[in-house]
Amino acid sequence: MSWPAAPKQTNRKSNTMILNLKEWICSQYKTLQEYNSLPGQDVLLTDRYTDLLLVQQHRKQKEKEKEIRFRGASLFSAREAHQSTTVDQFFSPNDRGDITKAVILQGHSGHGKSFMAQKIMLDWASGNLYQDRFELILHLRWKELNQVSRERNDRCVVDLVSCNHYYSKKFTKLISEKLKDSPQKVLFLIDGFDELRFTMNEISDTPVKDPIEAILRALLKGSILPDCFLLVTTRPTAADTLSKLLKHPLRFTETLGFSEKGVQEYFQRFCQDQQVAEKALRSVKATGTLFSSCSIPVICWIVCTVFREQLKENAEMAELETTTSIFVHFVSTLLEHHCQGLSQPVPTLLRSLGQLAERGMLEQQVLFEKESVLSTVSDPASVPFLCKFLMKKKVRLEEMFSFMHLSFQEFFTALNYTSDQNKKKVKKLLGSVKEYDSKSYVLPVIQFLFGLSNKEVIQDLKELKLPSTPSIRGQLEKWILELIEKSKDSKKSNELLFILHCLCELHEEEFVRRAMEVWGKITFASIPLTTTDCSVLLYCLQRCPTIRSLELNVCNITAEKLRMLQPALSRCEELE
């Protein structure tokens, strides 16, 4: 008669241990350290975390190419047209009614995969996710698995779980029992597959000698614990290798970063002040390239961090840094935190990327075949600035690469010109400008060149041991002054607008003031000025003591744009 009581007591004890485990996870996962956090400067995850845009479809080549070229709100609109999904739907039945056993969560560097993994752990432990589906979620990080000693050959799955620095040994027995008695209620959340040492090797059936690799392969394939569920994050460079390893039924998902609504929510969460958030967001939206780049969570964090620091220094004059400056911060952040196992020195890598980017710009190409990439970049799979994806080519699959966005390709092209230190090459580039419309692929590169000539940016590049040279700055300044002199009586509004963009990106007040004094009259006629253009015009006008005459005729100046320009309009002697 005593037999039924034992399981109840055992279940109660097990449930108590699970509750204890969840409490422990909540205490360990509720905070995060940002890239620039000092010891003890933790941030609550729930105060910062913003949902990512998740999709479950592979995009076609033309669709991908268009998306890479879109800027500003157009990029968000294109991405949000895809059918999205949510984390709680990852393990729902597929179209055939089969239960998904393994999920690939793919995303480029800096797109929030690891933060999402942390949020999944916290939500499960808090009782907000997968409560009916999983009694246990075990978090494995590839960075920590790489540090495990390979000397012992008697390793088991629980040994891998214990590598997590949040792990406590008091839960070892519970984990072992759950894996043995109810593996169908266990999810392995494995973060950063692309960082594991063996991921880039060819997949074969040959037995492996490394005990850690052997266990991981067996777990991913379902050779051991076949009833467990798997959720694995990876960069696209290792996604095809992972898909060959994982058991089925398999689901593919991809994070595209933030939606437009997500960017707004992140700014509000970060700033914790509605007015400050709106001011920062208006500044970002006024710069189309920067706004579209904010779909990348790391760039969103950089922009908010920089703006907050400027607010501390001067609340009235706080303004965003240039797009070039933000991109330099982004490159340095990825090099420091997302570049484990690079096969070449950083200066060599950036020079290789610059050569690839420049070749693509000259050929007006944003998608690169593998052979083309390998001719300049020795190990593209380890480079966080490149995106890899598979494209269907009739009866076969072909590996293709791209930069995260066309703006990054333009930036690396400009970086290549600065590292070449070749004035003749720069002169040829400047001399190639014939048209000043948005279709010219040369103009954004020249604007980035001016941005890379800013004194503070040059210093940032030197401190990071990135290629930089102030030698072409004088050449650029002479060229832009000559261009201003030629165009001061011209009625070419596009040319004038391009000059202002270059001056704004250079962001050197004394030189901008000297350049603006050449003009007695500034005229824009029959050209629709965007909010980006108005922001640039405002910056340049504010550097002038007085402006004799400003004409804005048929420029689509809305009330909002007029409010943007208002601080500088009082300097105008004549305004039409």
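A quick note: this is a predicted structure, and the numbers were derived from the prediction, not measured. (Residues numbered from 1 in each chain as written. Predicted model: local features only at pLDDT ≥ 70, side-chain atom pairs only at ≥ 80, totals over all residues. Heavy atoms only, no water.)

## Considerations on the confidence of the model for the protein chain
Mean pLDDT for the protein chain: 87, with 92% of residues reaching 70 or above. Strand β8 (residues 229-234) holds the highest mean pLDDT among the elements of the protein chain, 97, whereas helix α1 (residues 5-29) holds the lowest, 80. (pLDDT = per-residue confidence, 0-100. Helix = DSSP H or I, 4+ residues; strand = E, 2+ residues; numbered from the N terminus.)

## A look at unusual backbone geometry
Pro249 follows His248 through a cis peptide bond whose omega is 0 degrees. Secondary-structure assignment places Pro249 in the loop between α10 (239-245) and β9 (250-255). Here Tyr130, not a glycine, exhibits a phi torsion of approximately 55 degrees, which is positive. With respect to the element layout, Tyr130 can be found in the loop between α5 (113-125) and β6 (136-141). Unusually for a residue other than glycine, Gln272 sits at a positive phi of about 55 degrees. Owing to a relative accessible area of 60%, Gln272 belongs among the exposed residues under this scheme. (Buried < 20%, exposed > 50% of the residue type's maximum accessible area, 1.4 Å probe, protein only.)

## A look at helix α15 (residues 323-337)
Taking 1.5 Å of rise per residue, 15 residues should cover 21 Å, and α15 covers 21 Å from first to last C-alpha, within 8% of that figure. Burial runs high along α15: 12 of the 15 residues are buried. Along α15, the residues classified as buried are Thr323, Thr324, Ser325, Ile326, Phe327, Val328, Phe330, Val331, Ser332, Thr333, Leu334 and Leu335. (Expected span 1.5 Å × (residues − 1).)

## Quick notes on the packing of helix α11 (residues 260-271) against helix α14 (residues 297-313)
Angle between the axes and distance between the axes: these two values describe a pair of packed helices. Close contact between α11 and α14 brings their axes to 10 Å; oriented N to C, the two are set at 40 degrees. Crossing angle aside, the handedness with which α11 passes α14 is right-handed. Across the interface between the two elements, Val263, Tyr266, Phe267 and Phe270 of α11 pack against Cys300, Trp301, Val303, Cys304, Thr305 and Arg308 of α14. For the contact of α11 with α14, the per-class residue count stands at 8 nonpolar, 1 polar and 1 charged. (Axes fitted to C-alpha atoms, helices over the stretch in contact; angles between N-to-C directions. Left-handed = near helix turned anticlockwise from the far one by under 90°. Contact = heavy atoms within 4.5 Å. Nonpolar A, V, L, I, M, F, W, Y, C, P; charged D, E, K, R; others polar.)

## Here we look at the sheet that holds strand β11 (residues 386-393)
Taken in spatial order, the 3 strands of this open sheet run β10-β12-β11, and their pairing is antiparallel. At either margin of the open sheet sits one strand with a lone partner, and together these are β10 (368-369) and β11. Note that β11 and strand β12 (residues 396-403) share 8 bridges and pair antiparallel. By the bridge assignment, Lys388 is partnered in β12 with Phe401. Sitting on the sheet, helix α16 (residues 346-362) is in contact with β10, β11 and β12, with an inclination near 105 degrees to β12. (Pairing = 2+ DSSP bridges.)

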